[in-house]
Amino acid sequence: MLVKSSNCRPLALAFALSSAVLLSACDPAGSSSGSSENFSVSLGLPDSLTGGRTGAGGNASGIHAGTGEPCAFIGADEDDPLRNGYEMSKFMVSAIATWTCIADLLIDIAAVVPQDGEIRATDNDPSRPDYDSDDPTHYSVTADSSTQTTIRMYYGFDHSTPPTSDEDPGFYISWHQEANGDVRGKLIIVAGTVGGHDNADDPTEMRMDFAFTGNEKFADMYLRFDDGNEWAEGFRIEVTRDLTASPLEQVFTARGLIGMKAQFAPVSGITELPDLKMFTVADRFGDGAAIAIVADLSLPLELNADTGNNLGDYLFDKTDVYFFDGDQSADEPWDWINKQITAADYRGNRTTPATGGTLDPFDPSLDQIIAELGLDGDYFSGGECELLNDDCTALLNAIFSNGFAEQEPNQGADPMDWRSAAIAAASYLDSIYPNGLNWDGAFDMTFTP
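Residues numbered from 1 in each chain as written. Predicted model: local features only at pLDDT ≥ 70, side-chain atom pairs only at ≥ 80, totals over all residues. Heavy atoms only, no water.

Our next topic: the environment of Tyr433. Note that Tyr433 resides in the segment after helix 6 (418-424). In this structure Tyr433 comes out as buried when scored by relative accessible area, which is 15%. C-alpha of Tyr433 to C-alpha of Met221: the two residues are 212 residues apart in sequence and 9.9 Å apart in space. With near-sequence residues (within four places) excluded, Tyr433 lies in contact with Tyr222, Glu233, Asn438 and Trp439. (Helix = DSSP H or I, 4+ residues; strand = E, 2+ residues; numbered from the N terminus. Buried < 20%, exposed > 50% of the residue type's maximum accessible area, 1.4 Å probe, protein only. Contact = heavy atoms within 4.5 Å.)

Here it is in structure tokens:
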């Protein structure tokens, strides 16, 4: 496992359902135009970056973009979406794909409904037995100018006492289209106003800035977690599509950063906070590469809880490289997997006996671990990985390269193509905040082009 799983899917589904209700309210026939006359925010991401669409049967919201395709994506491995750099990429990029698709749907709807700013009721009436607190009760569409449009959705208001313009909406999207066709916009959602918020693991607010010119499309998402979340403050994912690049080279670039406030596996004596960031590239057809950089992550290696056999606690840095193919249905949808521990320190608590262990049942001793992993004969006693703060990089590399915790072992070889050059020149995000410092003003529902 690379890091602990995060629970972000409920937020996306809740707001997808909200959009479905808005569609019903604006277009009772359910026939959104999907007009080609409107611009598209969606990035046209390949399945290898999003996990692919779930299909109509798996789309809980039933929402479709103007193309008729569902706005729902498989994303990463649900059991462990952050287990390696590639799964981390799909986990984050699929969120961008969902929200750019929903933005397209709303932009299409806005073109065929009154844009007078009047707050109108949806069919979701709190007095009715089929009321759903996750769906909006009211909405408005405003033509702020000849080039800017804003949609607001409100939640939890009785139809007899509708919201006023002074009330904060739970969902906000505004965009500006210049005369030359360039577009910029902002989408914000606040989970606390949508059916309540009772899970500290869930995100509380999300913002997505989007823009496109004749040269590129761009989306930048900021997601803040509840203050009660034990391990993370938020994350950010930025995706760019280069409209000028060769389709067989670096068309898509994704960068991600998770803001941590605790270790996933806290242990005594380790006070450092982990740093997790990723960089992914892909061509038009989905061949690409992902690299995740993990710094200062704690790892307790308990071998047998019943006997108290603990190989010790470690603090390590890891570089996780995964070159993947566009054809995810292939038996081997990868070209190269290379996990390297670049630094590892022993931080104490080792109780594993020197000899006398067993492999079945699994309760090994140090001599068996040395033999199984091909380490130096005196690895745990001759000044290597023996005392507090000793270098244990060889130990952790041996563990991870052979498929630690059911991860894929290192395999394949560097293809030395455009992906290799792109990964070698990777640049990373340096802040999860829009202003670079904190969340101040990040989710204000205003947009000035």
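Don't stop here, the text continues.
Attention now moves to the side chain of His176. Inspection of the secondary structure puts His176 in strand 4 (residues 171-177). Within polar-contact distance, the side chain of His176 engages the side chain of Thr147 at 3.0 Å. Leave out the neighbours within four places in its chain, and His176 touches Thr147, Gln148, Asp182, Val183, Arg184, Phe447 and Pro449. (Polar contact = N/O pair within 3.5 Å; in protein donor to acceptor, adjacent residues only side chain to side chain.)

Here the focus is the pairing of strand 10 (residues 275-282). Counting buried residues along strand 10, six of its eight residues qualify, which places the element largely inside the surrounding structure. Here strand 9 (residues 252-260) pairs with strand 10 via seven bridges, running antiparallel. In the sheet register, Phe252 faces strand 10, and the bridge partner there is Ala282. Relative to strand 11 (residues 288-304), strand 10 is paired through eight bridges, and the arrangement is antiparallel. Note on strand 11: the bridge partner recorded for Ala282 is Gly288. From the end of strand 10 to the start of strand 11, which pair antiparallel, there are five residues, and Gly286 there has a positive phi angle of about 100°. (Pairing = 2+ DSSP bridges.)

On to helix 4 (residues 366-373), then. Helical geometry note: an α-helix holds 3.6 residues per turn, so side chains three or four residues apart project in the same direction. Burial in helix 4 covers these residues: Leu366, Gln368, Ile369 and Ile370. Residue Gly374 follows helix 4 closely and has a positive phi angle near 70°.

Moving on, we get to the pairing of strand 12 (residues 309-324). Side-chain direction in a regular strand flips from residue to residue, so the side chains alternate between the two faces of the sheet. Of all 16 residues making up strand 12, 14 are buried, and the element is well covered by its neighbours. In terms of strand pairing, strand 11 meets strand 12 through 13 bridges, oriented antiparallel. Within strand 12, the residue paired with Ile293 across the bridge is Thr319. What sits between the antiparallel neighbours strand 11 and strand 12 is a turn of four residues, in which Gly308 has the positive phi angle 70°. The pairing of strand 12 with strand 13 (residues 334-346) spans 11 bridges and is antiparallel. Paired with Leu315 across the two strands is Asp345, which belongs to strand 13.

For side chains bearing opposite charge, pairing can occur when the charged atoms are close. Taken as a whole, this structure holds 13 salt bridges when the rule is applied. The salt bridge partner of Arg236 is Asp220, with a shortest N-O separation of 2.8 Å. A residue pair is termed long-range when its members are at least 10 positions apart, and Arg236 in strand 8 (residues 232-242) and Asp220 in strand 7 (residues 216-225) qualify at 16 residues. Each member of the pair, Arg236 as well as Asp220, is classed as buried. Connected through shared salt-bridge partners, Asp220, Arg236, Glu238 and Arg255 make up one network. (Salt bridge = Lys/Arg side-chain N within 4 Å of Asp/Glu carboxyl O.)

In globular proteins that are soluble, nonpolar side chains generally tend to be buried together. Counting 87 residues, the largest nonpolar core has Ile237, Phe380 and Leu395 as its most contacted members. The element contributing the most residues to this core is helix 3 (residues 85-110), with 16 residues. Contacts of Leu395, omitting those with residues within four sequence positions, involve Leu311, Tyr314, Leu373, Leu375, Tyr379, Phe380 and Cys385. The next biggest cluster of nonpolar side chains, apart from the first, holds 13 residues, and it includes Tyr172, Leu429, Trp439 and Met445. (Core = buried A, V, L, I, M, F, W, Y, C linked by side-chain atoms within 4.5 Å.)

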